[in-house]
Amino acid sequence: MAHIKRISFSTVPTKLGCNCDRCGQWIKNIWTVEYKEGFTINYGIDCFEKVYKNSGLSQQGEKMLKKSLKYIKELYKQLDDYKNGKITAETDKGYQFAQTCDGGHYWKGKPYEEYKAFMIDECLPAWIEKQEQGLEKFKNINFKEEA
């Protein structure tokens with residue numbers, strides 16, 4: 001049995017992936033789970049789902065955890081998309097909205113590179129950290145190693 005301390009998600013190119021510590025399959029979508037007991041495990045999406053489904057969470061608890069994990073995954077993907085250039089001034093709806101806003105929106109008229117740097121360095125990391133802190137409510141759940 002183990003208690004979750006922190007969970008993070010990353011999507012990496014296939015060559016930079018790793019083996020799932022649970023099943024040994026090569027993974028590029030990685031849930032890294034740090035446990036309070038002092039160890040860290042990298043899971044593929046399917047294996048981590050099996051681990052938390054075997055944790056004794058109620059249906060509502062499982063639903064809340066799954067929703068939080070999905071949002072964290074989306075935030076990490078968005079951060080990656082900013083970093084690798086998939087999101088541009090032409091495709092960034094947040095930036096485009098700010099440019100068309102009346103009423104003095106802070107980003108109106110500012111260069112996209114400044115907005116992008118803010119999203120990469122401040123905004124998205126803060127949202128990710130807040131969501132990861134939200135997983136604290138699951139800290140007393142026992143997560144079993146084997147499903």
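Described in the following lines is the structure provided in the data block. (Residues numbered from 1 in each chain as written. Predicted model: local features only at pLDDT ≥ 70, side-chain atom pairs only at ≥ 80, totals over all residues. Heavy atoms only, no water.)

1. A closer look at the overall build of the protein
Then, number 1: A count of helical and extended segments in the protein gives four helices and five strands.
Then, number 2: When the helices and strands of the protein are placed in sequence order, the string is β-β-β-β-β-α-α-α-α.
Then, number 3: Based on the C-alpha atoms only, the size of the protein along its principal axes is roughly 55 × 35 × 25 Å.
Then, number 4: About 9,000 Å² of surface is accessible on the protein, with carbon and sulfur atoms providing 51% of the total.
Then, number 5: For the protein, the centre of its 24 positive side-chain charges and the centre of its 21 negative side-chain charges are spaced 5 Å apart. (Helix = DSSP H or I, 4+ residues; strand = E, 2+ residues; numbered from the N terminus. Areas by Shrake-Rupley, 256 points an atom, 1.4 Å probe, with all protein chains shown as cover. Lys, Arg positive; Asp, Glu negative; His and termini not counted. Charge placed at Lys NZ, Arg CZ, Asp CG, Glu CD.)

2. Description of the sheet that holds strand S1 (residues 4-11)
Then, number 1: Read from one edge of the open sheet, three strands run S1-S4-S5, paired in antiparallel fashion. The open sheet terminates on both sides in strands that have one partner only, identified here as S1 and strand S5 (40-44). If you compare each strand with its neighbour and ignore which way they point, the axes differ by 20 degrees on average.
Then, number 2: Relative to S5, strand S4 (residues 29-35) runs antiparallel, the two sharing five bridges. Each bridged residue has a counterpart across the sheet, and for Glu-34 the counterpart in S5 is Thr-40.
Then, number 3: Contacting S1, S4 and S5, helix H1 (residues 45-53) crosses the sheet at an angle of about 115 degrees to S5.
Then, number 4: Helix-sheet contacts for helix H2 (residues 59-83) involve S1 and S4, and the interaxial angle to S1 is about 45 degrees. (Pairing = 2+ DSSP bridges. Axes fitted to C-alpha atoms, helices over the stretch in contact; angles between N-to-C directions. Contact = heavy atoms within 4.5 Å.)

3. Regarding the pattern of salt bridges
Then, number 1: Following the criterion strictly, the structure yields five salt bridges and no others.
Then, number 2: Measuring nitrogen to oxygen at the nearest pair gives 3.4 Å for the salt bridge that ties Lys-5 to Glu-34. Taken together, the residues span a long stretch of sequence, with Lys-5 in strand S1 and Glu-34 in strand S4 at a distance of 29 residues.
Then, number 3: Among the ionic pairs, Asp-81 bridges to Lys-77, the shortest N-O distance being 2.9 Å. Of this pair, Asp-81 and Lys-77 both sit in helix H2, separated by four residues, roughly a single helical turn.
Then, number 4: Relative accessible area serves as the criterion here: at 11%, Asp-81 is assigned to the buried category.
Then, number 5: Connected via shared salt-bridge partners are Glu-49, Lys-53 and Glu-62. (Salt bridge = Lys/Arg side-chain N within 4 Å of Asp/Glu carboxyl O. Buried < 20%, exposed > 50% of the residue type's maximum accessible area, 1.4 Å probe, protein only.)

4. What to know about helix H4 (residues 112-134)
Then, number 1: In a regular helix each residue adds 1.5 Å, so 23 residues correspond to 33 Å; H4 covers 31 Å between its end C-alpha atoms and thus fits that length.
Then, number 2: Its axis deflected by about 45 degrees at Met-119, H4 carries its strongest bend there.
Then, number 3: In this fold, the buried residues of H4 make contact with S1, H2 and helix H3 (93-100). (Expected span 1.5 Å × (residues − 1). Bend = angle between axes of the 7 residues up to and from the residue.)

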